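Below are the chains, spelled out letter by letter.
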Amino acid sequence: MKADAARASTPPRMRAMKLYRKNLRQFSASESGTILVKFALALPILLGISLSAMDYAWTLSHKTVLQDAADTAALAGAKELSLSDSKRENVSAVVKAMAKRYIEANRDSLAKKNAAPPTINANVTGDPPEVRVSITQKVDALVGGGFGLKFGDLKIRSVARVIGQPNICVLGLHPSANGTLSLEHEARVTGRNCAVYSNSSHTNAIKAKNSANLTATFICSRGGKTGGPGNFNPTPMTDCPGFDDPLSGRVEPQPGNCTKLVPIIQGVGGTLLPGTYCGGLTLEAGTQVVLTPGTYIFKDGPLIVKDGASLTGVNVGLYFVGNGANFKFEPKTLISLTAPISGEMAGLLIFESRSRPEGEKFELLSNNALVLLGTIYIPRGELHIDADSPIASDSAYTAIVARTMRLYGGPHLVLNTDYDKTDIPVPKGIRGAGQPVALAE
């Protein structure tokens, strides 16, 4: 009765407070209650961390797509810049269009499909020229924003560089040879307004030994180089990207019926007509042969011009196919040849079949070969040059694309690019097109 009277006399508010304290002591004394309190206190922190991680993952995904877009656009802009007839002011439009196209094509991979469009900028700088691309994307926390989480704007950049100059002097195609391009003793190569490339990944992809010298507007090796400062002008750029064969798409001539001609010509010589020369052809000493315009196919045998003989021709193409088909122009010979203006061999002075075994030697040893106008294309063989006099120096242009090229002795191979001084066409990819590009950073 006294207890009931005491409760009745206690104000309701005080009774509620006492009850609350009692329940709190009981709750705090239990283990499960302690865990629940701790969890309740930590829940906002854990939720914020979780949501922040989600936002961060989505942001990384978005960044990856934008970086790929920037790289793709930069390479496209550099490729556009590498074309001889391209204008620098066109590059920005190419870059922006490519970046937008890439982003749109990968929209399903973007973290935030409804994000505001990124800002894309591009400019061209430097020599060799570079295309610099920047992409800025505003980023809002998708789920963590309610907790005050913020992210800085994504700022992406990419730089692509045009490797080399617009014209090809020499391109060595072998992907791994020691000395794809090799010069020894007093050998010299001078490329005027053109570049020399080696596709070999070997540490000695380009070699210049002794007093040899390689001079061009630009020298580029996929692998390394051997030689000192006096052997090169300028110093070769190493670790360059590989260069696709610019003539790989040229259609090969088709051999016809064998020309009825003995394989050895002796005496005064005379005039030969285009056709298929089976078993090869040899010009003995004292023989002077003039080739009339057209395509000459040497099948299953070599073209040999011996000391004291001469071989001349205007608008002629020499095609080599089958076993043993190559050429040897000995030292005391006169060689003067210009490539066709039109037809299947247009611009091609020498064309080796791509179906031949690797490593066949083509020997240019003549001390009187001042006119070799056109492109020499030996995709499977080795071009060996050894002479004591200038070679090709009187040609408006000469370009060489060979699996390997080696110079010995004291020849001076002069590769001009005076394309406007001749009506003989320059094959696509030799003049100002197809040069490689690479990401610089």
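Below is a summary of the structure that appears in this document. (Residues numbered from 1 in each chain as written. Predicted model: local features only at pLDDT ≥ 70, side-chain atom pairs only at ≥ 80, totals over all residues. Heavy atoms only, no water.)

1. Observations regarding the overall build of the chain
So, step 1. Secondary structure assignment for the chain yields 4 helices and 30 strands.
So, step 2. The buried share of the chain, taken over its 441 residues, is 45%.
So, step 3. If you take every contact in the chain between residues at least 6 apart in sequence, the share linking residues at least 24 apart comes to 58%.
So, step 4. Within the structure as shown, the chain displays about 21100 Å² of accessible surface, and the carbon and sulfur contribution to it stands at 54%. (Helix = DSSP H or I, 4+ residues; strand = E, 2+ residues; numbered from the N terminus. Buried < 20%, exposed > 50% of the residue type's maximum accessible area, 1.4 Å probe, protein only. Contact = heavy atoms within 4.5 Å. Areas by Shrake-Rupley, 256 points an atom, 1.4 Å probe, with all protein chains shown as cover.)

2. Examining the pattern of salt bridges
Any two side chains of opposite charge can pair, on the condition that their charged atoms come close.
So, step 1. Counting across every chain of the model gives 10 salt bridges.
So, step 2. The residue lysine 306 makes a salt bridge to glutamate 284 at a minimum N-O spacing of 3.8 Å. Residue lysine 306 is located in the loop between strand S19 (303-305) and strand S20 (310-313), and its partner glutamate 284 is located in the loop between strand S16 (281-283) and strand S17 (288-291); the two are separated by 22 residues in the primary sequence.
So, step 3. Among the residues examined, lysine 306 registers a relative accessible area of 30% and is labelled partly exposed.
So, step 4. Across the salt bridge formed by glutamate 382 and arginine 406, the nearest N and O atoms sit 4.0 Å from each other. Within this pair, whereas glutamate 382 is found in strand S26 (residues 371-387), its partner arginine 406 is found in strand S28 (residues 398-409), the two being separated by 24 residues in sequence. Residues glutamate 382 and arginine 406 agree in their burial class; the two are buried.
So, step 5. Overlapping salt bridges, with partners in common, bring together Glu130, Arg132 and Arg161 in one network. (Salt bridge = Lys/Arg side-chain N within 4 Å of Asp/Glu carboxyl O.)

3. Here's the deal with empty space enclosed by the protein
So, step 1. Summed over all chains, the structure comprises 2 cavities of 30 Å³ or more.
So, step 2. When its volume is computed, the largest cavity comes out at roughly 60 Å³.
So, step 3. As for the largest cavity, its lining consists of Phe327, Phe329, Leu337, Leu349, Ile350, Leu364, Leu372, Ile376 and Leu383.
So, step 4. Listed by contribution, the elements that provide at least two residues to the lining of the largest cavity are strand S22 (327-329), strand S24 (348-352) and S26. (1 Å grid on protein atoms, 1.4 Å probe; cavity = no way out; pocket = protein on both sides within 12 Å on 5 of 7 lines; lining within 4 Å. Points joined across faces, edges and corners; volume = space filled by probe spheres on them.)

4. A short note on the nonpolar core
So, step 1. Grouped together as the largest cluster of nonpolar side chains are 81 residues, with contacts concentrated most on Leu311, Met405 and Leu413.
So, step 2. In terms of residues, this core owes the most to one element, S26, which gives 8 residues.
So, step 3. The contact partners of leucine 413, leaving out residues within four places of it in the chain, are Arg188, Val189, Thr190, Ile385, Ile391, Ala392, Ile400, Met405 and Leu407. (Core = buried A, V, L, I, M, F, W, Y, C linked by side-chain atoms within 4.5 Å.)

5. Examining the packing of aromatic side chains
Here the distance between the centres and the angle between the planes together describe a pair of aromatic rings.
So, step 1. A full pass over the atoms with the stated rule returns 11 aromatic pairs.
So, step 2. Ring centres 5.8 Å apart and planes at 25° place the aromatic pair tyrosine 277 and phenylalanine 298 in the stacked group. Highlighted residues: tyrosine 277 in strand S15 (residues 275-278) and phenylalanine 298 in strand S18 (residues 294-299), separated in sequence by 21 residues.
So, step 3. Relative to tyrosine 419, the ring of tyrosine 397 has its centre 5.3 Å away and its plane inclined at 70°; by these criteria the two rings are edge-to-face. On the criterion of sequence distance, the pair formed by tyrosine 397 in the loop between strand S27 (390-391) and S28 and tyrosine 419 in the loop between strand S29 (412-415) and strand S30 (437-439) is long-range, its members being 22 residues apart. Residue tyrosine 397 shares its accessibility class with tyrosine 419, and that shared class is buried.
So, step 4. In textbook terms, an aromatic cluster arises when at least three aromatic residues are bridged by ring pairs, as seen for Tyr277, Tyr296, Phe298, Phe320, Phe327, Phe329 and Phe362. (Phe/Tyr/Trp six-rings, centres within 6.5 Å; stacked < 30°, edge-to-face > 60°.)

6. Here we look at the sheet that holds strand S1 (residues 119-125)
So, step 1. As summarised here, the arrangement of the 4 strands in space is S1-S2-S3-S30, forming an open sheet in which the pairing is antiparallel. Each end of this open sheet is capped by a strand with a single partner; those strands are S1 and S30. Within the sheet, the average angular offset between the axes of one strand and its neighbour, ignoring direction, is 20°. (Pairing = 2+ DSSP bridges. Axes fitted to C-alpha atoms, helices over the stretch in contact; angles between N-to-C directions.)

7. Points about the sheet that holds S29
So, step 1. Judged by pairing direction, the sheet is parallel, and its 5 strands sit side by side in the order S12-S9-S6-S29-S27 without closing on themselves. Pairing within the sheet leaves two strands with one partner each, and these edge strands are strand S12 (232-233) and S27.
So, step 2. Alignment of strand S6 (residues 188-191) against S29, held across 4 bridges, turns out to be parallel. Residue pairing across strands places valine 189 opposite leucine 413, the latter belonging to S29.

8. Some remarks on the state of the cysteines
So, step 1. Per the stated rule, a full pass over the model turns up 3 disulfides.
So, step 2. Each sulfur in the disulfide pair cysteine 169 and cysteine 194 lies 1.7 Å from the other. Taking the sign of the S-S torsion, 95° for the link of cysteine 169 and cysteine 194, the bridge is right-handed. Of the two residues, cysteine 169 is situated in strand S4 (residues 168-172) and cysteine 194 in the loop between S6 and strand S7 (195-198); the sequence distance between them amounts to 25 residues.
So, step 3. By relative accessible area, which is 0% here, cysteine 169 ends up buried.
So, step 4. For cysteine 194, a relative accessible area of 0% translates into the label buried. (Disulfide = S-S within 2.5 Å.)

9. A word on the pairing of strand S3 (residues 154-162)
So, step 1. Here strand S2 (residues 130-137) pairs with S3 via 8 bridges, running antiparallel. Residue pairing across strands places serine 134 opposite arginine 157, the latter belonging to S3.
So, step 2. The pairing of S3 with S30 spans 3 bridges and is antiparallel. Looking at S30, one finds that arginine 161 is bridged to alanine 438.

10. Here we look at the side chain of threonine 338
So, step 1. On the secondary structure map, threonine 338 appears in strand S23 (residues 334-338).
So, step 2. Ignoring anything within four residues of it in the chain, the contact list for threonine 338 reads Gly313, Val314, Asn315, Val316, Leu349, Val371, Leu373 and Ile424.

11. So, the side chain of serine 395
So, step 1. You can see serine 395 is positioned in the loop between S27 and S28.
So, step 2. Judged by relative accessible area, which is 4%, serine 395 ranks as buried.
So, step 3. A distance of 3.4 Å separates a polar atom in the side chain of serine 395 from the backbone oxygen of leucine 370.
So, step 4. Once residues lying within four places of it in the same chain are set aside, the contact partners of serine 395 are Leu370, Val371, Leu372, Leu373 and Asn416. (Polar contact = N/O pair within 3.5 Å; in protein donor to acceptor, adjacent residues only side chain to side chain.)

The analysis is restricted to geometry; functional conclusions fall outside its scope.
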